[in-house]
Every structure is written in C-alpha cells, then in structure tokens.
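Residues per chain are reported as follows:
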Amino acid sequence: MGEVKRYIPIALVLLCAAGCSSNSEPAPVTSSSAAATSSTRNLADGSCPTSKDADRSDPSATARYYASIGHCWDSTMDENTMAGVLRAKDLMSVSWYEQQKQGSAARNTLQVQFGRAAKHEGYSVPEATPTGGDVDEDVASDKAVRGITTSWRWKTRDGSEDIAGGRDQQIIYLEKHGGQWIVVGARTTMTEELDKA
C-alpha cells in the first residue's frame, strides 16, 4: 500500500504535464501527415518552407513563414488548402492550431485550381511579402499584428507550362512566449484567383 501512495503524486504530475499546458504555448513538433502519405514523392518536391527555418525572434519573419507554409500545397497529396495551414503547426499556439484542425475537412476553397494542377501533378510556389499600408502594429512587447500578402503559382511536374494561381492578404496576430513569436490568430481579408485555363 505504501508503494502505491508513493507513485500517485508522480502519476498526477505526469498527467498534468501532458494535459495541463497553456493554450498559448507552441504546439509540439510532429512530422507532416501529408508527407507521410507518399513514400515515393516529396511534398512539393521539397520546395515548401518549414517552421524550423523561421526566425522566431522576429514577428514579421514568423508571420511570413506562417503564410508561406500555409500556401504551399501539393495537388498530388493535399485534399484542400487547410493541409498547408496545418503544416505550420509549430508556428501556432495550441488553441489556434486546434481551431484550424477542426475546419480542416471543409470543402476546398480552391477546388478548381487544385483540379487543374492535379492534371499536371502540380504544386504551388508561394511568395509572402509584407502588405503595404498601416496594417502592421506592435501592440505590446509581447503582442504584434502583421499584414502579409501571399501570391502563388502552380509548378507542373509533367513539363507543361506553369499554371496561374492567385494571391491573398491576411492579418496575422502574434504573441511572444519564451522568447519566440507564435501565431495566435489570422484573418484573410482578400483572395484573388488568377484564372487561366
């Protein structure tokens, strides 16, 4: 009986460590589920940016990487645009990631583009830049807002001409935790598709 009592506090500590973390902490590192679905091909031929390359000490760099990762899609592996967003997990707070995950099964907002790209085994090539104007704001030493405009085109794997993509603008909300910036929210304010058959 004495041994059981001795281990109960340890079990409670382990349970709390696993489930009592704050929603504002970065999500743990995991491998991309999309990349795991194919053993013969790399996601976007290895061209997608990754969270590990982001300068997390800079809110602007964190926001740009979040947008770039979220707009890097592979029509041969991804079902919808949310697949890219979920790959940016390591740059998100736990609560923001969970919100995105809940909506991940939603209908693809770029279904026509994905279908056109899939015919040529295409993947998107994103470019994220700061949005002009007065969107950016340092709200506090640990809170920031950044405007990011991301454009993309579809690179084909079958030698066909690249396919037109589009661009969108997002307002990205960030907080600093443990010296690193994380995305706690984002809002798309404009999306423009460049339709070209």
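Residues numbered from 1 in each chain as written. Predicted model: local features only at pLDDT ≥ 70, side-chain atom pairs only at ≥ 80, totals over all residues. Heavy atoms only, no water.

Novice: Before we go on, may I ask you to explain the layout of surface pockets in this structure?
Specialist: With a probe scaled to a water molecule rolled over the atoms, the places where space remains empty come into view. A volume near 410 Å³ is recorded for the second largest pocket. The wall of the second largest pocket is formed by 24 residues, among which Thr81, Met82, Val85, Thr109 and Thr188 lie closest to the centre. Listed by contribution, the elements that provide at least two residues to the lining of the second largest pocket are helix H3 (59–70), helix H4 (82–87), helix H5 (94–102), strand S4 (163–177) and strand S5 (180–193). Of the residues assigned to the lining of the second largest pocket, the class counts are 10 nonpolar, 11 polar and three charged. (1 Å grid on protein atoms, 1.4 Å probe; cavity = no way out; pocket = protein on both sides within 12 Å on 5 of 7 lines; lining within 4 Å. Points joined across faces, edges and corners; volume = space filled by probe spheres on them. Helix = DSSP H or I, 4+ residues; strand = E, 2+ residues; numbered from the N terminus. Nonpolar A, V, L, I, M, F, W, Y, C, P; charged D, E, K, R; others polar.)

Novice: Is there a simple way to think about the packing of aromatic side chains in this case?
Specialist: Any two aromatic rings considered together are summarised by their centre-to-centre distance and by the angle between their planes. For the coordinates displayed, the defined rule picks out four aromatic pairs. Each ring, one from Phe114 and one from Trp154, has its centre 5.2 Å from the other, and the planes form 75°; the classification is edge-to-face. Linking Phe114 in helix H6 (residues 111–118) with Trp154 in strand S3 (residues 143–155), this pair joins segments that are 40 residues apart in sequence. Assessed through its relative accessible area of 4%, Phe114 is described here as buried. Given a relative accessible area of 0%, Trp154 falls into the buried group. In textbook terms, an aromatic cluster arises when at least three aromatic residues are bridged by ring pairs, as seen for Trp73, Phe114, Trp152 and Trp154. (Phe/Tyr/Trp six-rings, centres within 6.5 Å; stacked < 30°, edge-to-face > 60°. Buried < 20%, exposed > 50% of the residue type's maximum accessible area, 1.4 Å probe, protein only.)

Scope: geometric values only; no functional claims are made or implied.
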